[in-house]
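One letter stands for each residue in the lines below.
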Amino acid sequence: MTRLGSAFRALTAAAAALLAVTSAAPAVQATPEPKAPREFVALRTVAPTIIQEMRYTTDHNFVGEPVDGYRQPLCILTGPAAEALGRAQSRLLRQGYSLKVYDCYRPQRAVDHFVRWAKDLDDEAMKQEFYPLVDKSRLFADGYIAERSGHSRGSTVDLTIVKLPAAPTRSYVPGEPLTACYAPQSERFPDNSVDMGTGYDCFDTLSHTDDPRITEAQRANRRLLKDTLAAQGFVNLPEEWWHFTYKPEPFPDTYFDFPVARRSVAGHRAG
């Protein structure tokens, strides 16, 4: 056999051995995305008339960018919370109003995003609207940001009331001039909500549900929201007029991290 032939056979054998080793190596598999338990549903499947303006999928929030974990503008809640909202909506519709949700279930990765943002004291792009009177270094101490959120348990919702027929609202333009969230309604960023005294996610004591400085009309609007939801089992957080938790919570001690996406609750039904 020629030297060339021997070299060719040796090269062939080496290639075969390498192929065998490669074939035997275990395939690297991507970690599957967590999915919601069957108890979670898309609110739209239960109460389709409730308006949804999911702020954390947009740039118009205190972080100033879409928040981690919000893949689609979708309200996801536990079934009992969604059904209770549906009952509250039916009551409001008879009075010429609709509920509008800003945030529902919130994945833990979104909360982690908030925490990272709060620790970056140089990022104050949205300060003028959402926390004009609060030093960013105080956000944890004052309770505006925390490492855990009741929203991650699936039965907490941020919402308001809209007078029907709902007026159209324009989109936020990143970089546009900002107005303080506690300014008069005619000066704040346009929102078709009834006047609640502040905008949503306003880090200010004027957001306290029973703050004595709000007008009688604003107080009546807050009372309508609170009383309507309380009748269906929701408890208000006194520091935030928009924040309500359905009781008893199906998951009082569990903080979930599946993404806000249709696939997370595909095929889920309440009841």
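Quantities reported herein were computed from a predicted structural model and do not represent experimental measurements.

**Re the overall build of the protein**
Along the protein, the regular secondary structure elements total five helices and seven strands. Ordered by position from the N terminus, the helices and strands of the protein form the series α-β-β-β-α-β-α-α-β-α-β-β. The buried share of the protein, taken over its 271 residues, is 47%. Contacts in the protein between residues far apart in sequence, at least 24 positions, make up 75% of those at least 6 positions apart. Per element, the accessible surface of the protein, about 13,700 Å² overall, is 56% carbon and sulfur.

**Quick notes on the layout of surface pockets**
Put simply, the largest pocket is a space of about 590 Å³. Mapped by element, the contributors of at least two residues to the lining of the largest pocket are α3 (108-119), β5 (156-163), β6 (234-236) and β7 (243-246). Considering only residue class, the lining of the largest pocket consists of 13 nonpolar, ten polar and ten charged.

**Things to note about the sheet that holds β6**
Across the sheet, five strands lie side by side as β2-β4-β5-β7-β6; this open sheet has mixed pairing. Every other strand in the sheet has two partners, leaving β2 (51-52) and β6 as the edge strands with one partner each. With three bridges joining them, β6 and β7 adopt antiparallel strand pairing. Note that in β7 the partner of V235 across the bridge is T245. Against the sheet, helix α2 (residues 79-93) engages β4 (97-103), β5, β6 and β7, with an angle of about 145 degrees to β4. Sitting on the sheet, helix α5 (residues 216-230) touches β4, β5, β6 and β7, and the angle it makes with β5 is about 125 degrees.

**Some thoughts on the state of the cysteines**
Per the stated rule, a full pass over the model turns up two disulfides. The disulfide partner of C181 is C202, and the S-S distance across this bridge is 2.0 Å. Here the S-S torsion is close to 60 degrees, and the disulfide linking C181 with C202 is therefore right-handed. Of this pair, C181 sits in the loop between β5 and α5 while C202 sits in the loop between β5 and α5, placing them 21 residues apart in sequence. The buried category is assigned to C181, whose relative accessible area is 3%. Owing to a relative accessible area of 2%, C202 belongs among the buried residues under this scheme. When the bonded cysteines of the protein are numbered from the N-terminus onward, they pair as 1-2, 3-4.

**Thoughts on the packing of aromatic side chains**
Using the criterion set out here, one finds 22 aromatic pairs in the structure. Pairing F256 with F258 gives two aromatic rings, centres 6.1 Å apart and planes at 55 degrees, and the pair type is tilted. Neither residue differs from the other here; F256 and F258 are each classed as buried. Here the aromatic residues Y56, F62, Y70, Y102, F114, W117, Y131, Y144, Y200, F203, W241 and W242 are joined through ring pairs into a cluster of three or more.

**Quick notes on the pattern of salt bridges**
A complete count under the given rule lists 17 salt bridges for this structure. Between E176 and R170 there is a salt bridge, with the nearest N and O atoms lying 2.8 Å from each other. The shortest N-O distance in the salt bridge between D195 and R188 comes to 3.3 Å. A cluster of three or more residues bridged by salt bridges with shared partners is formed by E33, R71, R109 and D257.

**Some remarks on the pairing of β5**
For β5, the buried fraction is high: seven of the eight residues fall into the buried class. Pairing analysis gives six bridges linking β4 to β5, with the strands arranged antiparallel. Directly across from S98, in β5, lies its bridge partner V162.

**Some thoughts on the packing of α2 against α5**
Put simply, α2 and α5 touch, their axes get as near as 9 Å, and they point 130 degrees apart. Put simply, α2 runs oblique to α5. Like other packed secondary-structure pairs, α2 and α5 cross with a definite hand, here right-handed. When α2 is examined against α5, the residues L85, A88, R91 and L92 are found in contact with a partner set consisting of L224, D227, T228 and L229.

**Focus: the side chain of R55**
One can find R55 in the loop between β2 and β3 (76-78). At 2.7 Å, the side chain of R55 forms a polar contact with the side chain of E53. If we ignore the near neighbours within four places in the chain, the residues touching R55 are H60, N61, Y102, D191 and Y200.

Cut-offs and rules
Residues numbered from 1 in each chain as written. Predicted model: local features only at pLDDT ≥ 70, side-chain atom pairs only at ≥ 80, totals over all residues. Heavy atoms only, no water. Helix = DSSP H or I, 4+ residues; strand = E, 2+ residues; numbered from the N terminus. Buried < 20%, exposed > 50% of the residue type's maximum accessible area, 1.4 Å probe, protein only. Contact = heavy atoms within 4.5 Å. Areas by Shrake-Rupley, 256 points an atom, 1.4 Å probe, with all protein chains shown as cover. 1 Å grid on protein atoms, 1.4 Å probe; cavity = no way out; pocket = protein on both sides within 12 Å on 5 of 7 lines; lining within 4 Å. Points joined across faces, edges and corners; volume = space filled by probe spheres on them. Nonpolar A, V, L, I, M, F, W, Y, C, P; charged D, E, K, R; others polar. Pairing = 2+ DSSP bridges. Axes fitted to C-alpha atoms, helices over the stretch in contact; angles between N-to-C directions. Disulfide = S-S within 2.5 Å. Phe/Tyr/Trp six-rings, centres within 6.5 Å; stacked < 30°, edge-to-face > 60°. Salt bridge = Lys/Arg side-chain N within 4 Å of Asp/Glu carboxyl O. Parallel < 35°, antiparallel > 145°, perpendicular 65-115°, else oblique. Left-handed = near helix turned anticlockwise from the far one by under 90°. Polar contact = N/O pair within 3.5 Å; in protein donor to acceptor, adjacent residues only side chain to side chain.

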